[in-house]
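# What the coordinates show
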Amino acid sequence: MPDGDQQRQMRRFAGSCRFVFNKALALQKDNYETGGKFIGYVAMAKQLTAWRNDAETAWLKDAPVHPLQHTLKDLEKAYKNFFEKRADFPRFKRKGQSDSFRYPDPKQIKLDQANGRIFLPKLGWLRYRNSREALGELRNATVSQSGGKWFVSIQTRRDVEPPFPQGGAVGIDMGIARFATLSDGTFYAPLNSFKRHETALRKAQRAMSRKTKFSNNWKKAKARVQKIHSRIGNARRDYLHKTTTTISQNHAMVCIEDLQVRNMSRSAKGSAEQPGKQVRAKSGLNKSILDQGWFEFRRQLDYKLAWNGGHLIAMPPRNTSRTCPCCGHVSADNRRAQERFACVECGFEENADLVGAINVLRAGHARLACEVSGEVMPPAAGTHRSDSVAAQCRA
Ligand SMILES: [Zn+2]
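Per an unreviewed UniProt entry, the protein chain is named Transposase, and its organism is Litchfieldella qijiaojingensis.

Spelled out as structure tokens, the structure:
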């Protein structure tokens, strides 16, 4: 519940962070093109000091320095994710796209939960509406804006009793027709949050395009478009959280295929030499994949299982959709239709996604048996993930 002054300040701080991120990214790119080595965080932070002291960009001094520095850490992380093939190359930030900044130093933050207020450097005391109690030692605070509202996320650290996992093992197959199918037969309908709001969004976008750009009516129409966007985001987040909470609370081990969503969405661009129906179909699939939030689903499952004492096992995809769970016959002919699995060898028939989930669970069990036998040391918790382990298992 910031006042007008604080809102203006926060917009400026978010803008300063975006400016620093983009400037550092441009510098990194130029440096690379002229044959220079990657500029690490420490060297980049020195650049930031220079920018703050430069008369042309002296306004950067109005923003708190720690959030600016943290932006450079974010950029370094984005590069790291790119180098390790987890993400695309870092992109320049645009205004209004996840406007946020983080105060990384807990010593500078004061949290007064009893009175519903928080003190942040250069902003002073801000009143807030509490979503839940913050337990433990305060670590950092992130301020963000979404749909015209401001949020503060508080990260804390505390010791918890090691939990005892509940339930057994389950395999999951991710799909388009069904968002997730469990090997016990349960399945989760696709969210299609985008489709549900698509009509409303299209209408609002059309209304916006009819207005004179930057006029008051245009601004109003734009706010409406942003509101629908944020509603779509909220619905999706809510669905993902509910699903991952249920699954992680009821299973000690979850096996999932190590889908490389990034590669899948890449391949649409790659097939551009043969444009036409297939490209359009592929990009439709991409939109579906990205819209469903599979990455986020996996990320949440991973940490929620760890919270509950369970763990996630990510298996490299290997014929999971083409292997018969009944007789073991592997053939592409087993799956002539998208939704139906029918073994050409033994005649076993089942929903294709369920077959996938059963096979993923089996592969997970095989891998675990291998770890227990002492061939591979299992990590204490968290995701088990490596192709080499799977290779050892088969050997
Ligand atoms: Zn069969």
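From this point, things continue past the structure.
### Focus: the overall build of the protein chain
A count of helices and strands for the protein chain gives 10 helices and 13 strands. Evaluated residue by residue, the protein chain yields a buried proportion of 23% over its 395 residues. Of all intrachain contacts in the protein chain linking residues separated by at least 6 positions in sequence, the fraction that spans at least 24 positions is 60%.

### A look at the sheet that holds strand S1 (residues 100–103)
Spatial strand order, S1-S5-S6: three strands in an open sheet with antiparallel pairing. Each edge of the sheet is formed by a strand with only one pairing partner; in this case those strands are S1 and strand S6 (149–157). Neighbour to neighbour, the strand axes of the sheet diverge by 15 degrees on average, direction disregarded. This element, helix H1 (residues 4–33), spans S1, strand S5 (137–146) and S6 of the sheet and lies at about 90 degrees to S1.

### Observations regarding unusual backbone geometry
For Lys122, which is not glycine, the phi torsion reads 65 degrees and is therefore positive. Here Lys122 lies in the loop between strand S3 (117–120) and strand S4 (124–127). A positive phi angle, near 70 degrees, is found at Phe214, a position not held by glycine. Along the polypeptide, Phe214 turns up in the loop between helix H4 (193–210) and helix H5 (216–250). Of the residues examined, Phe214 has 8 C-beta atoms within 10 Å and is grouped as exposed.

### Structural notes on helix H8 (residues 294–307)
Two residues of an α-helix separated by three or four positions point the same way, owing to the 3.6 residues in each turn. For H8, spanning 14 residues, the distance from its first C-alpha to its last is 20 Å, which sits close to the expected 20 Å at 1.5 Å a residue. All of the buried residues along H8 are Trp294, Phe297, Arg298, Leu301, Asp302 and Leu305. The buried residues of H8 occupy an angular sector of 135 degrees when the element is viewed end-on, so they sit on one face. One or two residues past the end of H8 sits Gly309, with phi positive at roughly 85 degrees.

### Here we look at the packing of helix H2 (residues 41–53) against helix H3 (residues 65–83)
Contact pair H2 / H3: the axes reach a minimum separation of 10 Å and the direction vectors enclose 140 degrees. Comparing their axes, H3 and H2 come out oblique. Between H2 and H3 the crossing geometry is right-handed. Contacts between H2 and H3 involve Tyr41, Met44, Ala45 and Leu48 from the former and Leu68, Gln69, Leu72, Lys73 and Glu76 from the latter.

### Re the pairing of strand S10 (residues 251–257)
Within S10, six of the seven residues are buried, leaving the element largely enclosed by the surrounding structure. As judged from the five bridges shared by strand S7 (residues 168–174) and S10, these two strands associate in the parallel manner. Bridged to Ile172 within S10 is Ile256. Judged from the five bridges that link them, S10 and strand S11 (residues 311–315) form a sheet pairing that is parallel. Looking at the pairing, Glu257 lines up with Met315 of S11.

Each value, and the rule that gives it
Residues numbered from 1 in each chain as written. Predicted model: local features only at pLDDT ≥ 70, side-chain atom pairs only at ≥ 80, totals over all residues. Helix = DSSP H or I, 4+ residues; strand = E, 2+ residues; numbered from the N terminus. Buried ≥ 20, exposed ≤ 12 C-beta atoms within 10 Å, placed from the backbone. Contact = placed C-beta atoms within 7 Å. Pairing = 2+ DSSP bridges. Axes fitted to C-alpha atoms, helices over the stretch in contact; angles between N-to-C directions. Expected span 1.5 Å × (residues − 1). Arc of directions from axis to C-beta. Parallel < 35°, antiparallel > 145°, perpendicular 65-115°, else oblique. Left-handed = near helix turned anticlockwise from the far one by under 90°.

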